[in-house]
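Here is what each chain is made of, one letter per residue.
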Amino acid sequence: MAVLLQALRLIDSHRINPPKNFVYTGHQIVDENSSSDFPIEETIDCSDFLASKGWVDLRCMSGEPGEEYKESMDSLGEVLQSSGFVKAVLMPNTHPAVQTRNEIQFLKSKAANWFSDLIVEAAATKDTKGEDFTDILDLNQEGVFVFGDGLHPISNPDRLMKILQYLQKFDGILFDQTYEPLLALFGQMHEGLTSTRIGMKGIPNLAEDIAIHKNLEILRYSGGRLHFQTISTKGAVEEIRKAKKEGLNVTADISLYQLIFSDEDMLDFDTNLKVMPPFRGKEDRDALIEGLKDGTIDAIVSNHQPQDIDAKHMEFDLSLFGMLGLQTFLPAMCKLADEITWPLLISKITSGPEVVLGQQSDKLDSLTLFDPEEKWVFDKKSNKSLSSNSPWYNTELMGKVKFVINKNKFVKI
Amino acid sequence: MSQLSTRHLLGIKDISTEDIQLIFETADNFKEVLNRPIKKVPSLRDITIANIFFENSTRTRLSFELAEKRLSADVINFSSSNSSVKKGETLIDTVNNILSMKVDMVVMRHSSVGAPHFLSKHIKANIVNAGDGTHEHPTQALLDAFSIREKLGDVAGKKVAIIGDILHSRVALSNIFCLQKLGAEVMVCGPITLLPKHIGSLGVKIEHDVEKALQWCDVANVLRIQLERQQIKYFPSLREYSLYFGINRKMLDRLDKEIVVMHPGPINRGVELNSDVADSEHSIILQQVENGVAIRMAVLYLLAGAK
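These numbers come from a predicted model, not from an experiment.

1. Let's talk about the interface of chain B and chain A
Every contact between the two is made by 26 residues of chain B and, on the other side, 19 residues of chain A. When the two sides are added together, the surface that chain B and chain A hide from each other amounts to roughly 1,800 Å², 62% of it contributed by carbon and sulfur. Our count for the chain B to chain A interface comes out at 1 salt bridge. The salt bridge involving D268(A) is made with K121(B); its shortest N-O contact spans 3.8 Å.

Dropping the structure here:
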């Protein structure tokens, strides 16, 4: 099946290209002029839309196995597809944790019919407790090359060092959401003026800054490949910027929602905004944007963490951390596009994540096409997730994915 | 103005200076009532109030209950020690069950910051926050400011030092907001580990030397050490705290002026306050307790009118 994509406005890392006709050949998207061998069966007018290479999310969660009621692999597959993502890294924090060949095989079988490509992040330590290693080499035999403890930082310096060393046998990547747990103990939100005003135990920037600094020193000693997930502070950006200049093998991502929300939004005690790392202040946001622009930060992630209503509909300090991030990803980008520009945003969910994963490719074999102005309501009817823990649930949003292509799969949303 | 701008009292942060003045004027009237031979008025007849305490309390609960009974309200009491909360029932379920009994107002104390705010979004009754974690304790701040006004004539222009465990105190935060709204200058004083890192951003002075704080202030509001809310160690020992941050009579005698000493209770005698201060002529601690009933009567009366 060949589809003519008429007047496609393709966004790359540098610009929104002028409208041009492309053909989806059934495997990749090529210039109309070089596609005469493919008889066109369908023509789609793309002139009102924007498009880019298919999107990649480096951090999302399923509840399955163990907490299928929050998000099953089936529902996550639907969520990814309808949100425009052609590839996703799945965190290991399930019950049991993703830490043996069994879990890897189970997840792969569940994702076999997905539209999106699945990359499983396996736990680096048993039960993601930061102590004993998982059978890393054995897991690599199942094709796993991303390791990490997902929601939990590997705060033991000796463990981190040895994992970074051990992974070098097959160029594995260690993903780490880095903070010092003892400095974040009992913390519920960013420590600052707002936490002081509402008497809420805060999580200081220091908790992240000090841990990033420590882990970079360890990386300098051990070698290996370290990727910092969801950094949130000005100090973290500065540390990673210096490390990259020095040539350390390090990359970093941020949650998109760090650019949307701030600690001031906590005044209303909305548990849907309780996330880790917490939403921080303006100075940190400015630093994150600078980091995106100068390449210190390679990728933007959804940090999609479904929680059922009973985990959120309660007192703030008792509620669990986490927020849905995938289905509102495009609307959130639409809110930022004027300030940050589409090419920069898109590069951080296409070429940026490819660099992190070591999977750079110039081939255009995936596509996400979207209408940045279409309005829709995120509610029970439109929600594909099994959870609804989003501050934007039951609100009207702008920006809708229209269709996605991933190699031989073409889906209209 | 004869009505509050809000139908809940969740915190001092959320109410206006005019609201505070109205509460004080109403409390003046109720204080006069409390000194009559017959202390009861029919203002809240047919109003049912639930006192829901998920945290231990003696004086606040008694003070609210007395205020409610003086106003002729029907009162039910609930505390977590004999509730189904320990069996795993959620806050919203517990309160909904109580509200099914047609309760008009809820006075709630809870260990979680924002718990009354959460509740206010989900139930129809008026809510009075009787303390939420380390956030606010608005009626305590109101009665403290009311007591300063009574003792010194006015709150505006007075210097008030809040001394002790500021980090874990809901009284401190509510007092800061209330005193600032009424035009007082506020200082916080205590070990640096017991002061929130960003407390200066609230526009308060910061001091770590108790004697200097006493020299500066007109009123010393001494807070208790909240050992039950300290999840980790913040100072080496009660002995050291008492030696370096406790207030004794000698300190007051060294001052070249008279200051007023307050404490929200219960006092850790010999820790933050020695008995020779707590029971001295400087102390208005028992007046605070008396004023607490009048202030709570005023708050309940005005909120009932805001329905």
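That was the structure; now back to the text.
2. Regarding the side chain of T134(A)
Residues and elements named next belong to chain A. For T134, the location among the structural elements is in the loop between β9 (117-122) and α3 (136-140). Judged by relative accessible area, T134 falls into the buried class, the value being 4%. Those residues in contact with T134, other than ones at most four positions away along the chain, are Q99, A123, A124, T125, K126 and L139.

3. Some remarks on helix α11 (residues 285-305) of chain B
Residue and element names in this part refer to chain B. Its 21 residues place the ends of α11 30 Å apart at the C-alpha level, agreeing with the 30 Å of an ideal helix rising 1.5 Å per residue. Considering bend angle alone, the principal kink of α11 is centred on N291 and spans about 25 degrees. Across the 21 residues of α11, 15 count as buried, placing the element largely inside the fold.

4. Quick word on the domain arrangement of chain A
Residues and elements named next belong to chain A. Looking at the assigned domains, one finds that chain A contains domain 1 (2-50 + 367-412) and domain 2 (54-361). With centres defined by C-alpha atoms, the gap from domain 1 to domain 2 works out at 26 Å. Summed over both partners, the interface of domain 1 with domain 2 comes to about 3,000 Å²; 65% of that surface belongs to carbon and sulfur atoms. A per-residue breakdown of the area domain 1 buries against domain 2 is headed by K384, N389 and W392, which together make up 23% of the total. In this structure, the connection of domain 1 to domain 2 is made through 1 salt bridge. Between D117 and K407 there is a salt bridge, and its shortest N-O distance comes to 2.8 Å. Between domain 1 and domain 2 we count 19 residue pairs in polar contact (both at pLDDT 80 or more) in total. Listed by contribution, the elements that provide at least two residues to the side of domain 1 that touches domain 2 are β17 (366-378), β18 (395-406) and β19 (409-412). Here the side of domain 1 that touches domain 2 gets 8 residues from one element, more than from any other, and that element is β18. Its residues placed into classes, the side of domain 1 that touches domain 2 shows 17 nonpolar, 12 polar and 6 charged.

Rules and cut-offs
- By convention here, each chain's residues receive numbers from 1 onward along its written sequence.
- For this description, chains carry letters from A and ligands carry numbers from 1, given in the order in which they are written.
- Where totals are concerned, whole chains, interfaces and linings use all residues; where local detail is concerned, this predicted model gives features only for residues with pLDDT of at least 70, and gives and counts side-chain atom pairs only at 80 or more.
- No hydrogens and no water enter the side-chain calculation; it runs on all heavy atoms of the structure.
- Any two residues having at least one pair of non-hydrogen atoms within 4.5 Å are treated as being in contact.
- By definition, the buried area sums, over both parts, the 1.4 Å-probe accessible area that each loses when the two are put together.
- Salt bridges are defined by distance alone: a side-chain nitrogen of Lys or Arg within 4 Å of a carboxyl oxygen of Asp or Glu.
- To qualify as a helix, a DSSP run of H or I must reach at least 4 residues; to qualify as a strand, a run of E must reach at least 2; elements of each kind are numbered from the N terminus.
- Summary of the burial criterion: residues with accessible area below 20% of their type's maximum are buried, those above 50% are exposed, and those between are partly exposed, where the area comes from a 1.4 Å probe applied to protein chains only.
- By this rule, a helix spans an expected 1.5 Å times one less than how many residues it contains.
- A residue's bend is the angle separating two fitted axes: one through the seven residues that end there, the other through the seven that start there.
- The domain limits used here are those given by an automatic or database domain assignment.
- Here a polar contact is taken to be a pair of N or O atoms separated by no more than 3.5 Å, where protein atoms must pair a possible hydrogen donor with a possible acceptor and residues adjacent in sequence count only if both atoms sit in side chains.
- All amino acids are sorted into three groups, where Ala, Val, Leu, Ile, Met, Phe, Trp, Tyr, Cys and Pro are nonpolar, Asp, Glu, Lys and Arg are charged, and the leftover types, Gly among them, are polar.

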